[in-house]
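Residue strings, one per chain:
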Amino acid sequence: MEDKRRSFLRKAAIGGGLGAFAAGFSTTAGRMVDHVLGKDKPQQRLNGNSLAPEFGVDPVTGVLNINPEQQVSYTMCTGCTTFCSVRVRIDKQTGKVLRVAGNPYSPMSADPPLPFQTPIRDSFVSLTRYQEKGLAGRSTACGRGNAALEQMDSPFRVL
């Protein structure tokens, strides 16, 4: 009797675990199947279906090319009581925030931060591979800062 009960519990635990895994993995599995079947043709060859870059730097001339369809603004995150500085990408046509990232001028998101006298165009170049500095030049936002993007369109947002 004891062996039957243990066997049942073991099978129930394995079945429940597999069921939870399948439920959690279903969206990813669906995307993988769509990709294999060719239903998700990338919009761009290099970027796939990711956002178009907000700017780029020509590696030969060093000229900064800014995406005319987007605006980059430096602002403040209100995700917690720290109120960190963040850099947001905004679609000029719709006014929708596309991405929240770290502000290279802020000591809360960059180590070392850029001096405030640094022109905005130079701050853009400092974030590219053209002036790659590894972790020293990286500017990041925390999980709450990145989650602010999702909260902007939330139906539960307090207005």
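Cut-offs used in this document
Note that residues are indexed from 1 along each chain, following the sequence as it is written. Only residues with pLDDT of at least 70 are given local features in this predicted model, and only at 80 or more are side-chain atom pairs given and counted; all residues enter the totals for whole chains, interfaces and linings. Just so you know, side-chain values use all the structure's heavy atoms and leave hydrogens and water out. By definition, any uninterrupted DSSP run of H or I lasting at least four residues is a helix, any uninterrupted run of E lasting at least two residues is a strand, and each is numbered from the N terminus. We call two residues in contact when some of their heavy atoms are within 4.5 Å. Each accessible area is a Shrake-Rupley estimate made with a 1.4 Å probe; only the visible protein chains count as cover when residues are assessed. Like charges within 9 Å and nonpolar side chains (Val, Leu, Ile, Met, Phe, Trp, Tyr) within 5 Å are joined into patches, using only residues over 30% in relative accessible area that form no salt bridge. The working definition used for a salt bridge is a side-chain nitrogen of Lys or Arg within 4 Å of a carboxyl oxygen of Asp or Glu. Burial status follows relative accessibility: with a 1.4 Å probe on protein chains alone, a residue under 20% of its type maximum counts as buried, one over 50% as exposed, and anything between as partly exposed. When DSSP finds at least two bridges between two strands, those strands are taken to pair. Note on method: axes are straight lines fitted to C-alpha atoms, helices fitted across the in-contact stretch only, with angles between N-to-C directions ranging 0 to 180 degrees. Known as pLDDT, the predictor's confidence for each residue is given on a scale from 0 to 100. Only a pair of cysteine sulfur atoms within 2.5 Å qualifies as a disulfide here. In this description, a nonpolar core means a group of buried Ala, Val, Leu, Ile, Met, Phe, Trp, Tyr and Cys residues linked to one another through side-chain atoms lying within 4.5 Å.

### Considerations on the overall build of the protein chain
Helix and strand content of the protein chain: three helices and five strands. Going from the N terminus to the C terminus, the protein chain shows its helices and strands as α-β-β-β-β-β-α-α. Residue pairs in contact within the protein chain that sit at least 24 positions apart in sequence constitute 37% of those at least 6 positions apart. Accessible surface for the protein chain amounts to roughly 11900 Å². Of this, 58% is attributable to carbon and sulfur atoms.

### A look at a nonpolar patch on the surface
A surface patch of nonpolar side chains, about 310 Å² in accessible area, is lined by Phe-21, Phe-25 and Met-32. Relative to the assigned elements, Phe-21 resides in helix α1 (residues 2–37). With a relative accessible area of 54%, Phe-21 lands in the exposed category.

### Digging into the pattern of salt bridges
Scanning all chains against the criterion turns up two salt bridges. Glu-54 is the partner of Arg-87 in a salt bridge, and the nearest nitrogen-oxygen pair spans 2.7 Å. Separated by 33 residues along the polypeptide, Arg-87 in strand β4 (residues 85–91) and Glu-54 in the loop between α1 and β1 (55–57) bring together distant segments of the chain. Each member of the pair, Arg-87 as well as Glu-54, is classed as buried. Taking the shortest distance from any N to any O, the salt bridge between Arg-89 and Glu-54 comes out at 2.9 Å. In this pair, Arg-89 is assigned in strand β4 and Glu-54 in the loop between α1 and β1, connecting sequence segments 35 residues apart.

### Comments concerning the sheet that holds strand β5 (residues 97–102)
Ordered in space as β3-β4-β5, the three strands form an open sheet in which the pairing is antiparallel. The sheet is open, and its two edges are formed by β3 (70–76) and β5, each paired on a single side. Neighbour-to-neighbour, the strand axes of the sheet open up by a mean angle of 25°, direction not taken into account. Inspection of the sheet shows β3 paired to β4 by seven bridges, in the antiparallel sense. Pairing of Thr-75 across the sheet is with Val-86, part of β4.

### A word on the confidence of the model for the protein chain
For the protein chain, per-residue confidence averages 83 on the pLDDT scale, and 90% of positions sit at 70 or higher. When mean pLDDT is taken per element in the protein chain, β4 scores highest with 90 and helix α3 (residues 143–152) scores lowest with 81.

### Some details on the state of the cysteines
Taken as a whole, this structure holds zero disulfides when the rule is applied. Cys-80 supplies the cysteine sulfur nearest to Cys-84, a cysteine that is in no disulfide, at a spacing of 5.7 Å.

### Looking at the nonpolar core
Counting residues in each nonpolar core, the largest one holds seven residues, listed as Cys-77, Val-86, Val-88, Ile-90, Val-97, Val-100 and Leu-149. Breaking this core down by element, the ones donating at least two residues are β4 and β5. At three residues, the largest contribution of residues to this core is made by β4. Among the nonpolar cores identified, the runner-up in size contains six residues, and Val-57, Leu-64, Val-72 and Val-125 belong to it.

### Considering the pairing of β4
Where burial is concerned, most of β4 is hidden: five out of the seven residues are buried. Counted between consecutive antiparallel strands, the loop separating β4 from β5 contains five residues, among which Gly-95 sits at a positive phi close to 75°.

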